[in-house]
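Structural description and commentary
Now for the letters of each chain:
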Amino acid sequence: MDMPEGTGQDNQDWHDDEYQVPCPACGASVAFKRTDKVQVCGTCGKSVVNPGPQADR
Ligand SMILES: [Zn+2]
């Protein structure tokens, strides 16, 4: 019996489009999209460089 696609496995949902990176200056979460290179922290105003999608390291 075939399983309907898209059910039961959602492990990769979190890094599909956007992810949170802690600001190195103040620790607040900054939302990055995969295509963003730099974002400005909404809390302290510092520019935060996108570290890239987080992989195992
Ligand atoms: Zn900050």
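Since the structure is predicted, the reported quantities are computational estimates derived from the model, not experimental observations. (Residues numbered from 1 in each chain as written. Predicted model: local features only at pLDDT ≥ 70, side-chain atom pairs only at ≥ 80, totals over all residues.)

Some points on the overall build of the chain
Definition in use: Elements are defined by DSSP. Helices are runs of H or I of four residues or more, strands are runs of E of two residues or more, and each kind is numbered from the N terminus. Neighbour density around each residue's C-beta defines its exposure: 20 or more other C-beta atoms within 10 Å make it buried, 12 or fewer make it exposed, and counts between make it partly exposed, where C-beta atoms are placed from the backbone. Contact between residues is assigned whenever the C-beta positions, reconstructed from backbone atoms, fall within 7 Å.
Along the chain, the regular secondary structure elements total zero helices and four strands. Ordered by position from the N terminus, the helices and strands of the chain form the series β-β-β-β. In the chain, which comprises 57 residues, the proportion classed as buried is 5%. In the chain, 15% of the contacts between residues at least 6 apart in sequence involve partners at least 24 apart.

With respect to the environment of lysine 33
Relative to the helices and strands, lysine 33 is located in strand 2 (residues 29-33). Contacts of lysine 33, omitting those with residues within four sequence positions, involve Asp17 and Glu18.

So, the environment of cysteine 44
Within the fold, cysteine 44 resides in the loop between strand 3 (38-40) and strand 4 (47-49). According to the C-beta neighbour criterion, cysteine 44 is partly exposed, with 14 such atoms within 10 Å. In the structure, cysteine 44 is positioned 21 residues away from cysteine 23 in sequence and 8.8 Å away in space, judged by C-alpha atoms. With residues up to four places along the chain from it excluded, the contact list for cysteine 44 reads Cys23, Ala25 and Cys26.

Here we look at the pairing of strand 1 (residues 18-22)
Applied cut-off: Between any two strands, pairing holds if DSSP finds at least two bridges.
Counting buried residues along strand 1, only zero of its five residues qualify, which leaves the element largely exposed. The hairpin formed by strand 1 and strand 2 contains six residues between the paired strands, and glycine 27 there has a positive phi angle of roughly 90 degrees.

A short note on the pairing of strand 2
Remember that side chains alternate between the two faces of the sheet whenever the strand is regular. Residue alternation in strand 2 divides its side chains into a buried set, Val30 and Phe32, and an unburied set, Ser29, Ala31 and Lys33. Of the strand pairs in this sheet, strand 1 and strand 2 are connected by five bridges, and their pairing is antiparallel. Along strand 2, the bridge assignment pairs glutamate 18 with lysine 33.

Quick notes on the environment of aspartate 36
Position of aspartate 36 relative to the elements: it lies in the loop between strand 2 and strand 3. When the C-alpha positions of aspartate 36 and valine 49 are compared, they lie 8.7 Å apart, and in sequence the two are 13 residues distant.

Considerations on the confidence of the model for the chain
Note the threshold: Confidence scores here are pLDDT values: one per residue, from the predictor, ranging 0 to 100.
The pLDDT averaged across the chain works out to 81; a share of 67% of its residues lies at or above 70. Averaged pLDDT values over the elements of the chain bottom out at 90 in strand 1 and peak at 96 in strand 4.

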